[in-house]
There are 4 protein chains.
Amino acid sequence: MNTYGKMIKLSIFGESHGAAIGVVIDGLPPGFAPDMDFAAREMARRAPGKNALSTPRAEADSVEILSGLFEGKTTGSPLCAMIRNTNTKSEDYNKNLPRPGHADYTAHIKYKGFADYRGGGHFSGRLTAPIVFAGALAKQLLIGVEIAAKAVLIEGKPPQDDTILRAKDDGDSVGGVISCVAKGIPAGLGEPFFGSVESCLSALLFSIPAIKAVEFDDGFALADMRGSQSNRTDFGILGGITTGKPINFRVAIKPTPSIAALQDTFDITTNRPAKITAAGRHDPCIVPRAIAVVEAAAAIGLLDLWLMSGEEIK
Amino acid sequence: MNTYGKMIKLSIFGESHGAAIGVVIDGLPPGFAPDMDFAAREMARRAPGKNALSTPRAEADSVEILSGLFEGKTTGSPLCAMIRNTNTKSEDYNKNLPRPGHADYTAHIKYKGFADYRGGGHFSGRLTAPIVFAGALAKQLLIGVEIAAKAVLIEGKPPQDDTILRAKDDGDSVGGVISCVAKGIPAGLGEPFFGSVESCLSALLFSIPAIKAVEFDDGFALADMRGSQSNRTDFGILGGITTGKPINFRVAIKPTPSIAALQDTFDITTNRPAKITAAGRHDPCIVPRAIAVVEAAAAIGLLDLWLMSGEEIK
Amino acid sequence: MNTYGKMIKLSIFGESHGAAIGVVIDGLPPGFAPDMDFAAREMARRAPGKNALSTPRAEADSVEILSGLFEGKTTGSPLCAMIRNTNTKSEDYNKNLPRPGHADYTAHIKYKGFADYRGGGHFSGRLTAPIVFAGALAKQLLIGVEIAAKAVLIEGKPPQDDTILRAKDDGDSVGGVISCVAKGIPAGLGEPFFGSVESCLSALLFSIPAIKAVEFDDGFALADMRGSQSNRTDFGILGGITTGKPINFRVAIKPTPSIAALQDTFDITTNRPAKITAAGRHDPCIVPRAIAVVEAAAAIGLLDLWLMSGEEIK
Amino acid sequence: MNTYGKMIKLSIFGESHGAAIGVVIDGLPPGFAPDMDFAAREMARRAPGKNALSTPRAEADSVEILSGLFEGKTTGSPLCAMIRNTNTKSEDYNKNLPRPGHADYTAHIKYKGFADYRGGGHFSGRLTAPIVFAGALAKQLLIGVEIAAKAVLIEGKPPQDDTILRAKDDGDSVGGVISCVAKGIPAGLGEPFFGSVESCLSALLFSIPAIKAVEFDDGFALADMRGSQSNRTDFGILGGITTGKPINFRVAIKPTPSIAALQDTFDITTNRPAKITAAGRHDPCIVPRAIAVVEAAAAIGLLDLWLMSGEEIK
């Protein structure tokens, strides 16, 4: 089900090449005047077509607020934000040939052949646009909190633009690692076990297409340490609950599966082997665009946890 | 909130040194005759006191079924499994000195000073016992599925017993990495975005105390690859949905925070610095015992996803 | 929170005089080709402006499907249906004078003064339009099921048009009782206690504005009987679970609170007494229009219960 | 599923003749010292065997707290309350002959023949004992709130003991109507539509076995009025949200289905007609015992709504 959250509830909808994508955000406090310019800037960070490093698709991504906002302030009832799909080239997609590394095949199975296959349909990374919008509202509500993500590795190395350009020139793609820190979160947020801060944030982060690993604090490096080293006092989460110290996490982004090179696939109607090349316009690396999405997910998750705690945000 | 799942709903309860711990499992199909010997063996894998590598606390961990079972078969109504706490030495714990690396401090803040501080209270690793019990039922219901976890690294090296013994001799502790594979899961399980297989499993895995990182398939290693390498056809999850191929994931377990060495802490009543040593009986490494817990979490999550898909298990 | 359902999840949004109202429906099976003409006819049954008995507001109520439908069939991902608000006369509403019997005052308190007060905002009966649309889909999915509601009492008497017209002529309004029967529901749907059929349906029915009472089978009349009379074999629900017999329920609709007569209210800014008259265009009786809403609620609730049971609908 | 609530979450478990019944209550604020004598008195109001009007079964109904309570105060983690079943006479029940008016048949179908049929199993009215316990805690947390229910009709007449005794002498049973008022609830609780106060309370009330009708304020009587009469200013709920005025509701309780008279049933193994007489010990009228249950349900529902509002209770 496409719903996240307990106090702030997000229901996202839409397909990449359908009429529109969007999100219904329930639980926003009334009387909040969102800065829509800030939201637009956040969405621009995620938007494609900005430079040579990303796909040339120029999406306008202009958001129309259908409900929940009156005279510039939230009413307290659900806010629906809709983004029309305008710039779509559906002829690029072949219904019967699932693109390797994409959700094409699994969506075909899950939805018994009825999934909208164009551009990944509902599984498209385009669905992260409403998440960034929701995150932009969450950031504004998280007064005193600073959430900042950045790319720390591209193809295993410290980020340099030529890394991505070289992959692009090779008709290939690269992934990377994004780190994120959230400062200003008070101690005591989170629930034991199934509602731990890590459980909530990881559930959100793993809903971002291409994220395949999530680690908190020193993550995998902790597994190599001894207790005398790992018993640090500066970790942001202990026992699933925030400590009041900054929360640090890192995520791994896999390389964009759409590459120019000819790849093996099969025909889902005949099960016969076939060849495919990614004719659509694609990013050689989505890491730069994913930074805003990671921040948005963190903001949404932390806001929900904060509201669950019953403590006022001020 | 201490509840997990949509079709199989787990509500866990209990504190380490309280009267009992347990779990209410709702959604079990009626007419299922659980093999209680198998469940006992699974719980023995997690139980302490087995050898020099684990804590000498000998917990009986015998499960009493309070409801949901009639003439050896599930009735379809909630099954409550209770484990009495018997072997507790509460005098080992100092209410005012939070143990470094433990949930003592965060639980104190979250519950405004009223948490049961003895042995970690509700945050104790002991609460994973009912999870292993629930996992043992889930494994039996997942006909045709094989879930197997193992330690792949202890203190950064391939597992060898002396690694743990040496840490123990040093009055220290070590962590490690557990890998897990689930075979026999059909294609098409999972939901897009917030209900992705990774989101569901990671939420469960991160509820296990000491797990600080989760990666699926090649995880962080994917971030170093190019698309031409990472577009593999043998991955178990694509777009958050199962492919029918084996599901692989790895988790990082941090070193046991309770170590014999004298550590810095502070007095929560005075905020003054203090020293603490872990007087309780503790594992120098919980990785061996955590293996059964990781398998249980995987089984519970996958069973829930399978039942959500509406497809029959056979 | 504005979300209903476990297997079929509805999230409604919108305000009476805002940009649009709508619903996100998650959980629809893929490959279902909804008959949109049927949906339009169902919505026409609820729509105002049809004759002298209802408000002269003529709402087009045309539905735009934003997502979840591809080549005329459901994709399996969330279907968002949006209805633009076009015919609104906001100058009819006075922000400071809550209309007696309406949600104006309670919405003002709940949303701390920021509710969209125009035409009842999010609390408007207009929000039942997306519920009727969702119900029209549910009816089509409930193969072999027949759900039929009708007015059985208007102002305490068997329905006659003049009853309503007389009230209208008096500048007053009337309520009534709607009965509903659902045939073709198999035995075994529902959950014990909090998930009983009555719990699920009543939660939906009481979300329809103006419904103040719900009774199942013989309802209040059962309280006057002896067990030898009430132990009937034709009741549709026993122990909260369906029996396979037709399900019968009745709901009470209170009179439309908006009446032409001058009424007492108070000014929310000064707390001083004031007078108000319903200047907007209103129904002297909403019972005729509510019939389609009651059927829709029953269809949605029963579909959700059916899908929860895991039994196929055929 | 057997779980209720958003902020205060109840998971009930148990069968009438199994090992135990109970409830896990999650979301209780930490540091609350429940008055267990009060809880015992509340449970005594529901307990059978008090006088000639109720069943001679003498249930001890002593509650054991398994978790969530430390040094007499709630810890903030889930509180599990268990009641052992001691006084059961299972030989009274015939597995193959469903008792008319009971859940025997529907439970048999729902649970595919595996339900615990003894004494109604999980569907037994005995499961309301943990609800009364939870309600006793909720009442204590609802500072300044007074919830009082009473029988207003027995067999259609103002309550007189002889009404019940006469039915008992006739080997028959009677039902009745309970009214309940909740004073001290602030304005602004509840959510629009699916989370309306009526939706939440009715879902809880209809989970009480034997309740077949629920009406708020003037309920069905409103359907006979004109708007000029029904636009009263003293109603407790408008638009699904509390007004700050007392909340009034009434429920109909059907007659106890177990009566001494010989009744028609059928054999579920052969589908052949059969005769049955209620050999067990049963109440000729459960209305007196249900009063405490209705109050408990109201207290639980209102506490959950209050906590959802984010407003402090003081």
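Residues numbered from 1 in each chain as written. Chains lettered and ligands numbered in written order. Predicted model: local features only at pLDDT ≥ 70, side-chain atom pairs only at ≥ 80, totals over all residues. Heavy atoms only, no water.

### Examining the sheet that holds strand 2 (residues 9–14) of chain D
Residue and element names in this part refer to chain D.
Here is step 1: Here five strands make up an open sheet; going across it, the order is 1-2-3-7-4 and the pairing antiparallel. The open sheet has two edge strands with one neighbour each: strand 1 (3–4) and strand 4 (63–65).
Here is step 2: Here strand 3 (residues 20–26) runs beside strand 7 (residues 79–84); their pairing, made up of six bridges, is antiparallel. Of the residues in strand 7, the one forming a bridge with Gly-22 is Met-82. (Pairing = 2+ DSSP bridges. Helix = DSSP H or I, 4+ residues; strand = E, 2+ residues; numbered from the N terminus.)

### What about the side chain of Asn-85 of chain C?
All names here are of chain C.
Here is step 1: Topologically, Asn-85 is positioned in the loop between strand 7 (79–84) and helix 2 (104–110).
Here is step 2: Only 3.4 Å separates the side chain of Asn-85 from the backbone oxygen of Ser-16, close enough to count as a polar contact.
Here is step 3: Among the polar contacts made by the side chain of Asn-85, one reaches the side chain of Arg-126 at a distance of 2.7 Å.
Here is step 4: With residues up to four places along the chain from it excluded, the contact list for Asn-85 reads Glu-15, Ser-16, His-17, Gly-18, Ala-19, Ala-20, Ile-21 and Arg-126. (Polar contact = N/O pair within 3.5 Å; in protein donor to acceptor, adjacent residues only side chain to side chain. Contact = heavy atoms within 4.5 Å.)

### As for the packing of aromatic side chains
Here is step 1: Throughout the structure, instances matching the rule amount to 26 aromatic pairs over all chains.
Here is step 2: Geometrically, the ring pair formed by Tyr-4 of chain A and Phe-194 of chain B is tilted, given 5.6 Å between the ring centres and 50 degrees between the ring planes. Here the residue Tyr-4 of chain A occupies a position in strand 1 (residues 3–4), and Phe-194 of chain B occupies one in the loop between strand 9 (176–183) and helix 5 (197–205), the pair thus bridging two chains. Each member of the pair, Tyr-4 of chain A together with Phe-194 of chain B, is buried.
Here is step 3: Both rings, one in Phe-216 of chain C and one in Phe-206 of chain D, keep their centres 5.1 Å apart while their planes meet at 85 degrees; by these two values the pair is edge-to-face. Remark: Phe-206 of chain D occurs in the loop between helix 5 (197–205) and strand 10 (211–216) and Phe-216 of chain C occurs in strand 10 (residues 211–216); the pair is interchain, linking two chains.
Here is step 4: Phe-216 of chain C gets classed as buried once you look at its relative accessible area, which sits at 0%.
Here is step 5: Of the residues examined, Phe-206 of chain D reaches a relative accessible area of 3% and is grouped as buried.
Here is step 6: Clustering of aromatic rings is evident, with ring pairs tying together Phe-206 of chain A together with Phe-216 and Phe-249 of chain B. (Phe/Tyr/Trp six-rings, centres within 6.5 Å; stacked < 30°, edge-to-face > 60°. Buried < 20%, exposed > 50% of the residue type's maximum accessible area, 1.4 Å probe, protein only.)

### Some points on unusual backbone geometry
All names here are of chain D.
Here is step 1: Of note in this structure, Phe-193 is not a glycine but carries a positive phi near 55 degrees.
Here is step 2: Secondary-structure assignment places Phe-193 in the loop between strand 9 (176–183) and helix 5.
Here is step 3: By relative accessible area, which is 4% here, Phe-193 ends up buried.
Here is step 4: The phi torsion at Asn-271 lies on the positive side, around 65 degrees, for a residue other than glycine.

### So, the relation of the copies chain D and chain B
Here is step 1: Between the two copies, chain D and chain B, the superposition gives an RMSD of 0.0 Å; the rotation angle is 180 degrees and the shift along the axis is 0.0 Å. Taken together, the rotation and translation describe the operation of a two-fold axis.
Here is step 2: Most of the interface of chain D is mirrored in chain B: 98% of its interface residues are interface residues there too. (Least-squares fit on C-alpha atoms with pLDDT ≥ 70 in both.)

### A closer look at the environment of Ile-208 of chain C
Residue and element names in this part refer to chain C.
Here is step 1: Position of Ile-208 among the secondary structure elements: in the loop between helix 5 (197–205) and strand 10.
Here is step 2: Taking the C-alpha atoms as reference points, Ile-208 and Gly-125, separated by 83 residues in sequence, lie 7.6 Å from one another.
Here is step 3: Here Ile-208 is in contact with Thr-128, Val-293, Val-294 and Ala-297, once residues within four sequence places are set aside.

### Overview of the interface of chain D and chain B
Here is step 1: Contact residues are listed per partner, giving 42 residues for chain D and 41 residues for chain B.
Here is step 2: When the two sides are added together, the surface that chain D and chain B hide from each other amounts to roughly 3,200 Å², 64% of it contributed by carbon and sulfur.
Here is step 3: When the buried area of chain D at its contact with chain B is split by residue, Met-1, Phe-70 and Phe-114 of chain D rank highest and sum to 20% of it.
Here is step 4: One can count two salt bridges joining chain D with chain B.
Here is step 5: Across the pair Arg-84 of chain D and Glu-64 of chain B runs a salt bridge, and its minimum N-O distance is 2.7 Å.
Here is step 6: Where chain D meets chain B, there are twelve residue pairs in polar contact (both at pLDDT 80 or more).
Here is step 7: If you tally residues by element for the side of chain D that touches chain B, the top one is strand 2 of chain D, at five residues.
Here is step 8: Taken together, the residues of the side of chain D that touches chain B sort by class into 19 nonpolar, 13 polar and ten charged. (Buried area = accessible area lost by both parts, 1.4 Å probe. Salt bridge = Lys/Arg side-chain N within 4 Å of Asp/Glu carboxyl O. Nonpolar A, V, L, I, M, F, W, Y, C, P; charged D, E, K, R; others polar.)

### A look at the confidence of the model for chain A
Here is step 1: Per-residue confidence for chain A gives a mean pLDDT of 93; residues scoring 70 or more make up 94%.
Here is step 2: Across the interfaces of the predicted complex, the ipTM metric reaches 0.96, alongside a pTM of 0.96. (pLDDT = per-residue confidence, 0-100.)

### Quick notes on the packing of helix 1 (residues 36–46) of chain D against helix 7 (residues 287–308) of chain D
The packing of two helices is summarised by the inter-axis angle and the distance between the axes.
Residue and element names in this part refer to chain D.
Here is step 1: It is at 6 Å that the axes of helix 1 and helix 7 come closest, and there the two elements cross at 135 degrees. The orientation of helix 1 with respect to helix 7, classified from their angle, is oblique. Contacts from Glu-42, Arg-45 and Arg-46 in helix 1 reach Pro-288, Arg-289, Ile-291, Ala-292, Val-293 and Glu-295 in helix 7.
Here is step 2: For the contact of helix 1 with helix 7, a count of residues per class yields four nonpolar, no polar and five charged. (Axes fitted to C-alpha atoms, helices over the stretch in contact; angles between N-to-C directions. Parallel < 35°, antiparallel > 145°, perpendicular 65-115°, else oblique.)

### With respect to the sheet that holds strand 2 (residues 9–14) of chain A
Residues and elements named next belong to chain A.
Here is step 1: Strand order across the open sheet formed by five strands is 1-2-3-7-4, with antiparallel pairing between neighbours. At either end of the open sheet lies a strand with only one pairing partner, and these are strand 1 and strand 4 (63–65).
Here is step 2: With respect to the sheet, helix 3 (residues 128–141) is in contact with strand 2, strand 3 (20–26), strand 4 and strand 7 (79–84), its orientation differing from that of strand 3 by roughly 30 degrees.

### With respect to the relation of the copies chain B and chain A
Here is step 1: When chain B is fitted to chain A, the best match, at an RMSD of 0.0 Å, comes from turning it 180 degrees and sliding it 0.0 Å along the axis.
Here is step 2: A share of 100% of the interface residues of chain B reappears at the interface of chain A, consistent with the copies meeting face to face through the same patch.

### Brief notes about the interface of chain B and chain A
Here is step 1: With 83 residues of chain B at the contact, the number on the chain A side is 83 residues.
Here is step 2: Between chain B and chain A, roughly 6,600 Å² of surface is buried when both sides are summed, and carbon and sulfur atoms account for 61% of that area.
Here is step 3: Between chain B and chain A we count twelve salt bridges in total.
Here is step 4: Glu-311 of chain B is paired through a salt bridge with Lys-112 of chain A; the nearest N and O atoms lie 2.9 Å apart.
Here is step 5: Remark: the boundary between chain B and chain A carries 38 residue pairs in polar contact (both at pLDDT 80 or more).
Here is step 6: A class-by-class count of the residues in the side of chain B that touches chain A yields 39 nonpolar, 28 polar and 16 charged.

### Here's the deal with the packing of helix 3 (residues 128–141) of chain C against helix 7 (residues 287–308) of chain C
Residues and elements named next belong to chain C.
Here is step 1: Following both chains from N to C, one finds helix 3 and helix 7 inclined at 55 degrees, their axes separated by 7 Å at the closest point. It follows that helix 3 is oblique to helix 7 by the angle criterion. Here the hand of the crossing between helix 3 and helix 7 comes out left-handed. In contact with Thr-128, Ile-131, Val-132, Ala-134, Gly-135, Ala-138, Lys-139 and Leu-141 of helix 3, helix 7 contributes Ala-292, Val-293, Glu-295, Ala-296, Ala-299, Ile-300 and Leu-303.
Here is step 2: Looking at side-chain class alone, the contact of helix 3 with helix 7 contains eleven nonpolar, two polar and two charged residues. (Left-handed = near helix turned anticlockwise from the far one by under 90°.)

### Describing the pairing of strand 13 (residues 247–253) of chain D
Residues and elements named next belong to chain D.
Here is step 1: Taken across its seven residues, strand 13 has five buried, putting it largely inside the fold.
Here is step 2: Summarising the sheet, strand 9 and strand 13 pair through seven bridges and their orientation is antiparallel. Residue pairing for strand 13: Ser-179 is matched across the bridge by Arg-250.

### Some details on the side chain of Arg-289 of chain C
Here is step 1: Inspection of the secondary structure puts Arg-289 of chain C in helix 7.
Here is step 2: Among the polar contacts listed, one links the side chain of Arg-289 of chain C to the backbone oxygen of Arg-46 of chain C, at a separation of 2.7 Å.

### Considerations on the pattern of salt bridges
Here is step 1: Counting across every chain of the model gives 76 salt bridges over all chains.
Here is step 2: Between Glu-295 of chain C and Arg-45 of chain C there is a salt bridge, with the nearest N and O atoms lying 2.8 Å from each other. Taken together, the residues Glu-295 of chain C in helix 7 and Arg-45 of chain C in helix 1 (residues 36–46) connect sequence positions 250 residues apart.
Here is step 3: The residue Arg-226 of chain D makes a salt bridge to Asp-170 of chain C at a minimum N-O spacing of 2.6 Å. With one member in each of two chains, Arg-226 of chain D in the loop between strand 10 and helix 6 (227–230) and Asp-170 of chain C in the loop between helix 4 (161–169) and strand 9 (176–183) form a pair that bridges those chains.
Here is step 4: Accessibility expressed as a relative area gives 13% for Arg-226 of chain D, which makes it buried.
Here is step 5: Asp-170 of chain C gets classed as partly exposed once you look at its relative accessible area, which sits at 48%.
Here is step 6: Salt bridges sharing partners connect three or more residues here, namely Glu-42, Arg-45, Lys-139 and Glu-295 of chain A.

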